[in-house]
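Spelled out from the first residue to the last, the chains are:
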Amino acid sequence: RQASRGVVAEGLPDWLAPLVHALVESGAWGDVRPPNHILINVFRPGAGLVPHTDGPLYAGPRVATLSLGSDVLLRQLHQPAAAEHEVSLLLRRRSLNVISGEAYARWHGISESATDQIDERVANAAVAGVAVGDIVTRGDRVSIVFVRKLDG
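Since the structure is predicted, the reported quantities are computational estimates derived from the model, not experimental observations.

Turning next to the overall build of the chain. Looking only at helices and strands, the chain features three helices and 12 strands. Residue burial in the chain is summarised as follows: out of 152 residues, 36% are buried. By sequence separation, contacts in the chain at least 24 residues apart represent 75% of the contacts at least 6 residues apart. Split by element, the accessible area of the chain, about 8500 Å² in all, is 54% carbon and sulfur.

Below, the structure written as structure tokens:
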């Protein structure tokens with residue numbers, strides 16, 4: 001375990017191996033190198049996520065998020081200070097969301113709010129079973145985020 005670029009390389013915990021295997025074997029990850037880094041976040045109702053892009057240690061070009069607990073809107077923006085977001089995705093509880101390509105490169109975040117209102121910018125509203133004007137109330141949420149970091 002030698003530190004490179006401020007990161008110590010070590011394997012994923014054994015209990016995460018079945019999740020990575022299922023993600024890759026399902027075809028959802030695509031035919032790029034499998035995830036080698038996992039983030040587990042806990043969000044309380046009303047908590048947000050500051051708009052960001054994945055940093056220089058991430059190999060991309062995709063991220064997969066297993067969303068558990070509560071639904072939430074993920075906003076995608078062209079720049080971090082944009083007052084209005086371009087598009088949103090409703091991350092449903094118990095769903096796997098894979099974002100790649102141009103969508104992966106965009107700034108993304110979650111507003112600080114106890115509720116989310118569905119509007120015409122929610123790209124997956126129909127498949128998520130919601131309509132413009134619906135209000136989604138947030139509860140506790142856990143996200144398990146699968147990414148590929150640069151090697152060594």
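Right, let's get into the nonpolar core. Of all hydrophobic cores here, the largest spans 10 residues; its members are Val63, Val72, Leu74, Leu89, Leu91, Ile99, Tyr104, Ile110, Val145 and Val147. Broken down by secondary-structure element, the contributors of at least two residues to this core are strand E6 (72-77), strand E7 (87-91) and strand E12 (141-147). For leucine 89, the contacting residues outside a window of four places in its chain are Val72, Leu73, Leu74, Ile99, Ala123 and Asn124. Counting nine residues, the second largest nonpolar core, distinct from the first, contains Val20, Trp29, Ala64 and Phe146.

Before going further, it helps to examine the sheet that holds strand E4 (residues 49-52). Read from one edge to the other, the open sheet built from four strands follows the order E4-E9-E6-E7, with strand pairing classed as antiparallel. Sheet topology places E4 and E7 at the edges, where each strand pairs with a single neighbour. Neighbour to neighbour, the strand axes of the sheet diverge by 20° on average, direction disregarded. One ladder, built from two bridges, connects E4 with strand E9 (residues 107-110); its direction is antiparallel. Within the sheet, the bridge partner assigned to histidine 52 lies in E9 and is histidine 108.

Attention now goes to empty space enclosed by the protein. With a probe scaled to a water molecule rolled over the atoms, the places where space remains empty come into view. Summed over the entire model, instances satisfying the criterion amount to one cavity of 30 Å³ or more. Reported here for the largest cavity is a volume of approximately 60 Å³. Taken together, the residues of the lining of the largest cavity sort by class into four nonpolar, two polar and four charged.

In this sheet, E9 lies alongside E6 in antiparallel orientation, the contact comprising three bridges. Across the sheet, the residue bridging to leucine 77 is tryptophan 107, located in E9.

Further remarks concern the pattern of salt bridges. Tallying each qualifying case throughout the model produces seven salt bridges. A salt bridge links aspartate 140 to arginine 44, with the nearest nitrogen and oxygen atoms 3.6 Å apart. Highlighted residues: aspartate 140 in the loop between strand E11 (135-137) and E12 and arginine 44 in the loop between strand E3 (37-43) and E4, separated in sequence by 96 residues. Note on aspartate 140: relative accessible area 44%, which makes it partly exposed. For arginine 106, the salt bridge identified is with glutamate 102, shortest N-O distance 2.9 Å. Arginine 106 gets classed as buried once you look at its relative accessible area, which sits at 14%.

Calculation criteria
Residues numbered from 1 in each chain as written. Predicted model: local features only at pLDDT ≥ 70, side-chain atom pairs only at ≥ 80, totals over all residues. Heavy atoms only, no water. Helix = DSSP H or I, 4+ residues; strand = E, 2+ residues; numbered from the N terminus. Buried < 20%, exposed > 50% of the residue type's maximum accessible area, 1.4 Å probe, protein only. Contact = heavy atoms within 4.5 Å. Areas by Shrake-Rupley, 256 points an atom, 1.4 Å probe, with all protein chains shown as cover. Core = buried A, V, L, I, M, F, W, Y, C linked by side-chain atoms within 4.5 Å. Pairing = 2+ DSSP bridges. Axes fitted to C-alpha atoms, helices over the stretch in contact; angles between N-to-C directions. 1 Å grid on protein atoms, 1.4 Å probe; cavity = no way out; pocket = protein on both sides within 12 Å on 5 of 7 lines; lining within 4 Å. Points joined across faces, edges and corners; volume = space filled by probe spheres on them. Nonpolar A, V, L, I, M, F, W, Y, C, P; charged D, E, K, R; others polar. Salt bridge = Lys/Arg side-chain N within 4 Å of Asp/Glu carboxyl O.

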